[in-house]
Amino acid sequence: MLTIGTLFLTLSNTLFRNFRLSGKPSWHPLCCSFAFNPQLGLVGVLDADICGPSQPRVLGVGGERVHHSGSGWSPVYVSDNLCLMSIGFLLGSPDDAVIWRGPKKNGMIKQFLSEVDWGDLDYLLIDTPPGTSDEHLSVVQYLCGAGLTGAVLVSTPQETALLDVRKEISFCRKLKVPLIGVLENMAGFLCPHCKTRSDIFPATTGGVTAMCTEMDVPYLGSLLLQPALARAADDPTLPARDTTNAALDIRAKIMAFCERNSS
Amino acid sequence: MLEGVKRVILVLSGKGGVGKSTVSTQLALTLKEKGYKVGLLDIDLCGPSVPYLLNLENQSVHQGPHGWIPVYLDKEQRLGVMSIGFLLNSRNDAVVWRGPKKTSMIKQFLEDVCWQDLDFLVIDTPPGTSDEHITVMENLRQVPQCSAVLVTTPQQVAIEDVRKEITFCNKTGIPIFGIVENMSGYECPNCSECTNIFSSGGGQSLAEYAKIPYLGSIPIDPRVGSLAGEGKAAIKELPESKTSKVFTDLVTQLTESSKNGDMK
Ligand SMILES: Nc1ncnc2c1ncn2[C@@H]1O[C@H](COP(=O)(O)OP(=O)(O)OP(=O)(O)O)[C@@H](O)[C@H]1O
Ligand SMILES: [Mg+2]
């Protein structure tokens with residue numbers, strides 16, 4: 001069985017991401033632009049949302065199960081260079097609820113990090129639920145000796161979302177997790193009918209850019225709300241890649257940070 | 001101190017960001033507008049948004065002779081609010097706590113706040129089915145009139161999480177009052193074409209599938225988003241909106257069922 005120490009020697013880069021969204025996993029465009037790029041090497045995704053795992057559906061592998069092999073659990077391969085581990089694969093039905101207090105969730109996360117045969121990953125992306133509690137503490141704690149490259153925070157433009165992100169920033173500072181930056185998702189909506197742009201979630205307090213300046217955190221860029229992407233999360237046959245220049249630019253910034261900071 | 005509370009309504013959803021806090025605050029404001037005495041308890045300890053939503057951010061709770069005195073929105077004290085946000089020094093402060101500490105804080109919120117006599121206590125929750133939820137369920141079991149309003153957005157990823165929340169309610173024995181679908185379509189302010197940004201109808205079909213009452217759907221309305229931070233009721237500020245109709249209907253159904261003593 002793998003131990004955390006040896007497992008993470010194989011990880012050149014670890015991306016820790018906080019999840020903050022309105023309505024729709026903001027993870028999706030970022031993750032897909034990362035994951036479906038063969039030049040990046042092997043990318044692993046760990047769904048650390050124990051009570052509400054959505055990565056299996058978002059990545060189009062909802063019905064799959066994990067297999068147990070000699071070297072631990074095998075993650076589910078979404079494509080040649082993208083694999084995923086989620087508690088969703090261990091549940092019997094979508095109706096099954098994981099009614100667990102903190103210690104059990106922590107145990108599960110530890111198992112995902114130490115008993116999954118991730119192989120030689122180039123990147124491990126960790127999707128966390130909202131908050132600054134057990135899941136987050138455990139991920140940071142278990143990874144601190146193994147080279148946690150940094151955290152990407154995702155926010156929508158309105159103050160309710162920014163409020164949570166400010167707390168995540170304080171959390172990262174407290175635990176000394178490097179901040180790669182904040183990206184703004186669902187910044188505006190392009191009407192498919194008349195092509196006019198409007199603000200769905202008005203940035204009444206200046207949006208992500210103003211918050212980044214105030215809190216002194218890098219701003220990574222902004223993504224429009226794309227109905228096609230939102231629906232692609234429900235229907236795996238639809239194309240799900242965000243290939244807009246904005247998304248590619250954000251990805252380049254994140255990768256540059258990882259390259260600068262990988263040991 | 002929940003002895004004087006006639007009825008408790010828990011606002012739950014599996015997913016984050018679907019609008020629990022918006023529904024909780026608007027529900028509380030609507031009830032207040034209709035003349036009820038209301039309490040709003042925010043048990044989202046890591047991401048409290050109720051103080052901001054109701055424009056009460058710089059207020060603090062005081063210790064009275066019998067326990068904590070909630071923060072009141074109005075002079076008549078018809079809407080009292082309790083949130084961990086009132087106990088933090090700065091709005092940027094993170095509450096970095098594991099489960100046991102969260103559990104004892106929530107117990108205090110349930111036992112040590114002087115709510116006085118309330119017609120309704122609305123409880124806003126974080127997403128998930130973990131410490132906060134388990135604690136609140138365990139401590140509310142003795143309250144006779146308690147039920148849950150589930151909030152979802154229409155897309156499958158959110159619906160799947162709500163199915164888990166339904167299982168949670170069934171397992172812990174809390175009656176489900178119904179499902180509200182939020183963010184179900186957006187009308188372009190320029191051409192009035194309605195786009196189903198997050199697909200549509202998911203809440204209604206889930207209600208049918210799970211045999212739970214469907215309580216209506218709230219569209220994405222930037223005006224509703226802008227009420228955040230002002231503490232204003234949609235039924236007063238936007239009386240013609242679909243949102244205000246959904247909340248009016250919801251309150252009617254809640255009060256009818258209270259009269260009939262029927263919790264479902
Ligand atoms: N019908 C709507 N129209 C427009 N904006 C909305 C609507 N419902 C919610 N919002 C906005 O979406 C954001 C998320 O809503 P809210 O904070 O109520 O969700 P939540 O479920 O409580 O989130 P969390 O899981 O973080 O507690 C808020 O900024 C809110 O103003
Ligand atoms: Mg909330």
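Residues numbered from 1 in each chain as written. Chains lettered and ligands numbered in written order. Predicted model: local features only at pLDDT ≥ 70, side-chain atom pairs only at ≥ 80, totals over all residues. Heavy atoms only, no water.

**Overview of the packing of aromatic side chains**
Within this structure, the stated rule accounts for four aromatic pairs over all chains. Summarising the aromatic geometry, the rings of W73 of chain A and F112 of chain A are spaced 5.9 Å apart at their centres and angled 55° between planes, so their arrangement reads as tilted. You can see W73 of chain A sitting in strand β4 (residues 72-74) and its partner F112 of chain A sitting in helix α4 (residues 102-114), a full 39 residues away along the chain. Each member of the pair, W73 of chain A together with F112 of chain A, is buried. Consider the rings of F189 of chain A and Y186 of chain B, whose centres lie 5.2 Å apart with planes at 85°: the pair is edge-to-face. You can see F189 of chain A sitting in strand β10 (residues 189-190) and its partner Y186 of chain B sitting in strand β9 (residues 176-187), one on each of two chains. Taken as a pair, F189 of chain A and Y186 of chain B share a single burial class, namely buried. (Phe/Tyr/Trp six-rings, centres within 6.5 Å; stacked < 30°, edge-to-face > 60°. Helix = DSSP H or I, 4+ residues; strand = E, 2+ residues; numbered from the N terminus. Buried < 20%, exposed > 50% of the residue type's maximum accessible area, 1.4 Å probe, protein only.)

**Concerning the UniProt feature "binding site: ATP" (unreviewed entry) in chain B**
Residue and element names in this part refer to chain B. Following the UniProt record, the feature "binding site: ATP" (unreviewed entry) maps to G14, K15, G16, G17, V18, G19, K20 and S21 here. Within the secondary structure layout, K20 lies in helix α1 (residues 20-33). Of the residues examined, K20 reaches a relative accessible area of 5% and is grouped as buried. In contact with K20, other than residues within four places in its own chain, are V11, L12, S13, K15, D124, T125, P126, P127 and V151. Residue placement: S21 occurs in helix α1. On the basis of relative accessibility, which here comes to 13%, the residue S21 falls in the buried class. In contact with S21, not counting residues within four places along its chain, are S49, L53 and D124. (UniProt positions renumbered as here; feature names shortened; annotations may be inferred. Contact = heavy atoms within 4.5 Å.)

**Here we look at the layout of surface pockets**
Put simply, the second largest pocket is a space of about 240 Å³. Contributing to the lining of the second largest pocket are 14 residues, with E57, G85, L88, S90 and R91 of chain B lying nearest its centre. Of all elements in the fold, only α6 (159-174) of chain A together with α2 (50-53) of chain B reach the threshold of two or more residues within the lining of the second largest pocket. Among the residues forming the lining of the second largest pocket, the class breakdown is six nonpolar, five polar and three charged. (1 Å grid on protein atoms, 1.4 Å probe; cavity = no way out; pocket = protein on both sides within 12 Å on 5 of 7 lines; lining within 4 Å. Points joined across faces, edges and corners; volume = space filled by probe spheres on them. Nonpolar A, V, L, I, M, F, W, Y, C, P; charged D, E, K, R; others polar.)

**Details of the interface of chain A and chain B**
Each side of the interface is counted separately: chain A has 63 residues, and chain B has 58 residues. A combined buried area of about 5000 Å² lies between chain A and chain B, and 57% of that area is made up of carbon and sulfur atoms. Three residues, I99, R101 and K167 of chain A, lead the burial of chain A against chain B; their summed loss comes to 14% of the area buried on that side. Taken together, the connections running from chain A to chain B amount to six salt bridges. Here R101 of chain A makes a salt bridge to E138 of chain B, at a shortest N to O gap of 3.4 Å. (Buried area = accessible area lost by both parts, 1.4 Å probe. Salt bridge = Lys/Arg side-chain N within 4 Å of Asp/Glu carboxyl O.)

**Re unusual backbone geometry**
The phi dihedral of K195 of chain A is positive, around 65°, even though this residue is not glycine. Within the secondary structure, K195 of chain A is located in the loop between β10 and β11 (197-198). A positive phi angle is found at Q116 of chain B, which is not glycine, with a value near 60°. The topology assignment puts Q116 of chain B in the loop between α3 (99-111) and β7 (120-124).

**A look at the pattern of salt bridges**
Once their charged atoms are close, side chains differing in charge can pair, the charge on each being opposite to the other. Counted according to the given criterion, the structure contains 21 salt bridges over all chains. Here R98 of chain B makes a salt bridge to D134 of chain A, at a shortest N to O gap of 3.2 Å. You can see R98 of chain B sitting in the loop between β6 (79-83) and α3 and its partner D134 of chain A sitting in helix α5 (residues 134-143), one on each of two chains. When its relative accessible area of 2% is taken as the criterion, D134 of chain A is described as buried. Notably, a salt bridge pairs E214 of chain A with R166 of chain A, separated by 2.9 Å at the nearest N-O pair. Pair noted here: E214 of chain A is in helix α7 (residues 207-215) and R166 of chain A is in helix α6, with a separation of 48 residues, a long-range link. Residue classification places R166 of chain A among the buried residues on the basis of a relative accessible area of 4%. Counted as one network, the salt bridges with shared partners bring together E159, R166 and E214 of chain A together with E57 and R91 of chain B.

**Considering α6 of chain A**
Residues and elements named next belong to chain A. Helix length check: α6 (16 residues) gives 22 Å between terminal C-alpha atoms against 22 Å at 1.5 Å per residue, within 8%. The element α6 is largely enclosed, with a buried count of 13 among its 16 residues. Phi turns positive, to about 60°, at K176, one or two residues after α6. (Expected span 1.5 Å × (residues − 1).)

**A look at helix α9 (residues 245-261) of chain A**
Residue and element names in this part refer to chain A. Across its 17 residues, α9 extends 24 Å between first and last C-alpha, which sits within 8% of the 24 Å expected from 1.5 Å per residue. Regarding α9, the residues found buried are A247, I250, R251, I254, M255, F257 and C258. Each buried residue of α9 sits inside an arc of 155° when the element is viewed along its axis, so together they form one side. Structural note: α9 exposes N245, E259 and R260 on the side pointing more than 90 degrees away from its buried face. (Arc of directions from axis to C-beta.)

**A word on the nonpolar core**
In terms of nonpolar packing, the biggest core is built from 73 residues, with L10, L27, L41, L121, I123, V136 and L140 of chain B touching the most fellow members. Once you skip the residues sitting within four places of it in the chain, L41 of chain B turns out to touch M82, F109, L110, W115, L121, V122, I123 and D124 of chain B. Formed by 65 residues, the second largest nonpolar core is a distinct cluster that contains V66, F112, L137 and V177 of chain A. (Core = buried A, V, L, I, M, F, W, Y, C linked by side-chain atoms within 4.5 Å.)

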